Amino acid sequence: MLHRYLPMTEEDKKEMLKVIGVDSIDDLFADIPESVRFRGELNIKKAKSEPELFKELAGLAAKNADAKKYVSFLGAGVYDHYIPAIVDHVISRSEFYTAYTPYQPEISQGELQAIFEFQTMICELTGMDVANSSMYDGGTALAEAMLLSAAHTKRKKILLSKAVHPEYRDVVKTYAKGQRLEVVEIPFAGGITDLEALKSEMAGDVACVIVQYPNFFGQIEPLKDIEPIVHAEKSMFVVASNPLALGVLTPPGQFDADIVVGDVQPFGIPMQFGGPHCGYFAVKAALMRKIPGRLVGQTTDEEGRRGFVLTLQAREQHIRRDKATSNICSNQALNALAASVAMTALGKKGVKEMATMNIQKAQYAKNELAKRGFAVPFTGPFFNEFVIRLSKQVGEVNKHLLTKGIIGGYDLGRDYPELANHMLIAVTELRTKEEIDTLVKELGDCHA
Amino acid sequence: MHKDQPLIFEISKPGRIGYSLPELDVPAVDIGEIVPADYIRMQEPELPEVSELDIMRHYTALSKRNHGVDSGFYPLGSCTMKYNPKINENVARLAGFVHIHPLQPEETVQGALELMYDLQEHLKEITGMDAVTLQPAAGAHGEWTGLMMIRAYHEANGDFQRTKVIVPDSAHGTNPASATVAGFDTVTVKSTEDGLVDLEDLKRVVGPDTAALMLTNPNTLGLFEENILEMANIVHEAGGKLYYDGANLNAVLSKARPGDMGFDVVHLNLHKTFTGPHGGGGPGSGPVGVKADLIPFLPKPVVEKGESGYYLDYDRPQSIGRVKPFYGNFGINVRAYTYIRSMGPDGLKAVTEYAVLNANYMMRRLAEYYDLPYDRHCKHEFVLSGKRQKKLGVRTLDIAKRLLDFGFHPPTVYFPLIVEECMMIEPTETESKETLDAFIDAMIQIAKEAEENPEIVQEAPHTTVVKRLDETTAARKPILRYQKQ
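- As annotated in an unreviewed UniProt entry, chain B is Probable glycine dehydrogenase (decarboxylating) subunit 2 from Parageobacillus caldoxylosilyticus NBRC 107762.
- The Sequence similarities (unreviewed entry) comment attached to chain B in UniProt states, word for word, "Belongs to the GcvP family. C-terminal subunit subfamily."

- As recorded in an unreviewed UniProt entry, chain A goes by Probable glycine dehydrogenase (decarboxylating) subunit 1 and comes from Parageobacillus caldoxylosilyticus NBRC 107762.
- Turning to chain A, the UniProt record has this under Function (unreviewed entry): "The glycine cleavage system catalyzes the degradation of glycine. The P protein binds the alpha-amino group of glycine through its pyridoxal phosphate cofactor; CO(2) is released and the remaining methylamine moiety is then transferred to the lipoamide cofactor of the H protein."

Laid out in structure tokens, this is it:
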């Protein structure tokens, strides 16, 4: 058949079959026993031409309400942020996106150096010593942090704050089942991890304590108060963190966190229905040889030129097989590149400015909603998200907002029965004062 | 140390910016009034300070130091480095796919859910399975997900003694690693001299403690496991499940379906068979397909079609739970779906036929110059051994490095572990005969050089931006980040 992705001509085919010494391509499949041979035609849709297919898929895309047509106040771990135009131009360089893992360093210096720069930026933001080249996402990175903690401490109990993203907690629990680890959830009080409850669960059998900073409700967890509780029992202190927030917040590394993970989606990665995003994984130097995933290191070539290679591979599955520190192979390299470009474009000044703007806009929205009579149950400092109580079901309110062109906040009742009718509202730097004022008005109209 | 290519940090200069944010249009509250002093960052992160052109030149320079499929031939075995169609990239960037939030109300994302549902339906038919989840992010993630489901299945039957997963000695490293993460011990089954799983050894290791056998078919030597039904019987009679590693699915599209071969669980690598792309190491996508008896254990949520539209089903009491936040690497799934719809049933069949034709053609032409450990028709890839060249002092690593001078990405080397000085070559179907011939000619020339002028191979590469790198020092004294001098 003729197809633009298949270059073989009939003449080529004949010559090649002759070299092989068979009469037909079918002869090459003679080793598949007839009992398992598929002889029919796959019952899938017929091929479409490029213009027809594009039209059909554009129609499918148009059925979705996207954040460029609607004004979105939905966050809960995935955010509508400024993406510098340059990001897509860099990741569209096909030398990057059509390559695979840089196994041959001499012809992969571009990718390797870009990852080395990514590792450096993550270390800078988190205040940690070593960062890897990426994980699938924030949730699986957190699960791997738990596995590393359990392997390092040889303990089986995990204390997990309920103020951590509910879907991250679900992933952690699934991974825990595999390793037969016990996950104990620590309740929250006033929107942050309940420290008294944490203290009462702390003991010498705890592998790690997991908190999120800022947490799922947007609140800034008191890492300074949590750290001594964790380390008193020589447990690992694991912090999941939004890296954009670290543009203004004290990095977890300064609070002596052992492992810091999260998702770099806020830097240059579009929401795209939840993936691909990009996890990051950073540790103290002592854990360097136990970190999961690929690591890039600097070295020199035979002639003394600086170069980069995949290193400390003795940790990894292709060398250690069943003794590897993790089973991860493919990661999220292209998204790590996107995040690197965004972090570079924003730079030292822009990351701080953008993070500050998130705090200020979210603060403004909260103040205006409070003025309209909405209860704000959690009163601690927050980053770009906060919680309000509605007089109606969140789903109902969001239906009204949608008619006004607004995608409303997250329904906390989905995960926390005690927070039924509570909405988690995210306000990023992309939301204007006018949009915030409209949200306040429309929510107020619903509230009345 | 010569620094031919500066790091982005080394071209940074205070006072330059590369971004454009809107003016603050709400009251400029002092952060100190909102955030307690202990939590306000005092030392700024050392991120670069560069202009937009600085950034573009930097990354363009880096891209020139990188080889992708668009740069040239990339016959990396078991990785299926085929052409990445450009329409995929255009479709994946449509605003209605790229700017939607995973937690939006279902009625606002019907187009996305429809695409996911239809992709699942296509993958079910292609693999011959009864249900598919798109949640796993990559192949290894799919392996672990599948094994967790197998474990949940056994435990639901009150069977807690199945602690072992059997993998062949030719298996990908992720198989035993995934088994460990899922809480199993690994048992290795040997291959015969013909490169297939040794049935007698399988009978010996299988037993009441067997949870599953993990298998790639064709296997990593590129050979079809002809005794697959007998193997399935052995494992099933012992109460175990059969797991299909889909890394090599490109070899059997429309020719043999894992579901018809007796497999109970299958993972696919959409970034391989279905043109993901590979992204310099990811993101991938690793959907998992299962037979009916494993459906209750699928990760949740599951995309379903109801009377009033598509929806996410969370009411799955026996589910293993979530394996990933949200619903998988949707953007990669959009690309794979676009590809499948570009090919159709005839196209997918032709993909496999040409992939297999190309591999057999290369194998036959190279057999004269390199040792061919398994002399029979291969499927989409084949292995050669550099044993003959090793006797001349030229290692497979040297051959790989010499190929760089010809502008080719080398094959996978030193894998599978059971072949000495192994080279694993997978041409894929998107390469022309001229490209295959050019690669073959280079390989023949290298074989001759190994006899006549081994130094030129041993000292390769000669044309790359760096020569061989000191990996030993990199591992002994790791430098894993830039430090300002």
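Once the structure has been displayed, the description carries forward.
Here we look at the environment of Ile226(A)
All names here are of chain A.
Now for step 1: Relative to the helices and strands, Ile226 is located in helix α9 (residues 223-231).
Now for step 2: Ile226 sits 117 residues away from Gln109 along the chain, and the two C-alpha atoms are 42 Å apart.
Now for step 3: Other than its neighbours up to four places away in sequence, Ile226 contacts Leu195, Leu198, Val211, Glu221 and Phe237.

Examining the sheet that holds strand β8 (residues 236-241) of chain A
Residue and element names in this part refer to chain A.
Now for step 1: Strand order in the open sheet formed by 7 strands is β2-β10-β9-β8-β7-β3-β4, and the pairing between neighbours is mixed. Taken across any chain shown, the strands that pair with only one partner, and hence form the sheet edges, are β2 (130-131) and β4 (182-186).
Now for step 2: Looking at chain direction, β2 and strand β10 (residues 279-283) are connected through 2 bridges and run antiparallel. The residue bridging Val130 from the neighbouring strand is Val283, located in β10.
Now for step 3: Strands in contact with helix α7 (residues 166-179) are β3 (157-161), β4 and β9 (259-263); relative to β4, the strand with the most contacts, it is inclined by about 155°.
Now for step 4: Relative to β8, α9 is tilted by about 150°, and along the sheet it contacts β7 (206-213) and β8.

A closer look at the UniProt feature "domain: Glycine cleavage system P-protein N-terminal" (unreviewed entry) in chain B
Now for step 1: UniProt records the feature "domain: Glycine cleavage system P-protein N-terminal" (unreviewed entry) at residues 33-303 of chain B, using the numbering of this structure.
Now for step 2: Secondary structure over residues 33-303 of chain B splits into 32% helix and 13% strand, and the C-alpha atoms at its two ends are 46 Å apart.

A closer look at the side chain of Gln265(A)
Residue and element names in this part refer to chain A.
Now for step 1: Mapping Gln265 onto the fold places it in the loop between β9 and β10.
Now for step 2: Judged by its relative accessible area of 1%, Gln265 falls in the buried class.
Now for step 3: For Gln265, the side chain forms a polar contact with the main-chain oxygen of Tyr79, separated by 2.9 Å.
Now for step 4: At 2.9 Å, the side chain of Gln265 forms a polar contact with the backbone oxygen of Ile269.
Now for step 5: Setting aside residues no more than four positions away along its own chain, Gln265 makes contact with Gly77, Val78, Tyr79, Pro270, Met271, His277 and Cys278.

Some remarks on the layout of surface pockets
Now for step 1: Roughly 1,100 Å³ of volume is contained in the largest pocket.
Now for step 2: What lines the largest pocket is a set of 44 residues, among which Tyr103(A), Gln313(A), His318(A), Thr412(B) and Val413(B) lie closest to the centre.
Now for step 3: Mapped onto the lining of the largest pocket, the elements with two or more residues apiece are β12 (306-310) and α10 (317-320) of chain A together with α6 (139-156), α12 (396-405) and β11 (412-413) of chain B.

Some points on empty space enclosed by the protein
Now for step 1: For the structure on display, the rule yields 9 cavities of 30 Å³ or more.
Now for step 2: Along its surface, the largest cavity is lined by 21 residues, and Gly77(A), Tyr79(A), Gln212(A), Pro214(A) and Asn242(A) are the ones closest to its centre.
Now for step 3: Breaking the lining of the largest cavity down by element, the ones donating at least two residues are β8 and β9 of chain A.
Now for step 4: Considering every element that reaches the lining of the largest cavity, the biggest residue donor is β9(A), with 3 residues.
Now for step 5: Considered class by class, the residues forming the lining of the largest cavity number 10 nonpolar, 9 polar and 2 charged.
Now for step 6: Lining of the second largest cavity is provided by Met116(B), Gln120(B), Val132(B), Thr133(B), Leu134(B), Gln135(B), Pro301(B), Val302(B), Val303(B) and Tyr327(B).
Now for step 7: When contributions to the lining of the second largest cavity are tallied by element, the ones reaching two or more residues are α5 (110-127), β1 (131-133) and β8 (302-306) of chain B.

Considerations on the nonpolar core
Soluble globular proteins tend to pack their nonpolar side chains together in the buried interior.
Now for step 1: Within the largest apolar cluster, 131 residues are counted, with the highest numbers of intra-cluster contacts made by Phe217(A), Phe274(B) and Leu348(B).
Now for step 2: For this core, the element with the highest residue contribution is helix α10 (residues 330-366) of chain B, accounting for 18 residues.
Now for step 3: Residues contacting Phe274(B), with those up to four places away along its chain left out, are Leu123(B), Ile126(B), Leu249(B), Leu253(B), Asn269(B), Arg335(B), Ala336(B), Tyr339(B), Ile340(B) and Leu348(B).
Now for step 4: Counting residues in hydrophobic clusters, the runner-up holds 85 residues, among them Ala245(A), Phe308(A), Val351(A) and Ile31(B).

A word on the pattern of salt bridges
Pairs can form between side chains of opposite charge whenever their charged atoms are close.
Now for step 1: Evaluated as defined, the whole model comprises 76 salt bridges over all chains.
Now for step 2: A salt bridge links Arg305(A) to Asp301(A); its shortest N-O distance comes to 2.6 Å.
Now for step 3: With a relative accessible area of 19%, Arg305(A) lands in the buried category.
Now for step 4: Sharing partners across several salt bridges, the network here consists of Glu15(A), Arg365(B), Lys433(B), Asp437(B) and Asp441(B).

What counts, and where the lines are drawn
- Residues numbered from 1 in each chain as written.
- Chains lettered and ligands numbered in written order.
- Predicted model: local features only at pLDDT ≥ 70, side-chain atom pairs only at ≥ 80, totals over all residues.
- Heavy atoms only, no water.
- UniProt positions renumbered as here; feature names shortened; annotations may be inferred.
- Helix = DSSP H or I, 4+ residues; strand = E, 2+ residues; numbered from the N terminus.
- Contact = heavy atoms within 4.5 Å.
- Pairing = 2+ DSSP bridges.
- Axes fitted to C-alpha atoms, helices over the stretch in contact; angles between N-to-C directions.
- Buried < 20%, exposed > 50% of the residue type's maximum accessible area, 1.4 Å probe, protein only.
- Polar contact = N/O pair within 3.5 Å; in protein donor to acceptor, adjacent residues only side chain to side chain.
- 1 Å grid on protein atoms, 1.4 Å probe; cavity = no way out; pocket = protein on both sides within 12 Å on 5 of 7 lines; lining within 4 Å.
- Points joined across faces, edges and corners; volume = space filled by probe spheres on them.
- Nonpolar A, V, L, I, M, F, W, Y, C, P; charged D, E, K, R; others polar.
- Core = buried A, V, L, I, M, F, W, Y, C linked by side-chain atoms within 4.5 Å.
- Salt bridge = Lys/Arg side-chain N within 4 Å of Asp/Glu carboxyl O.

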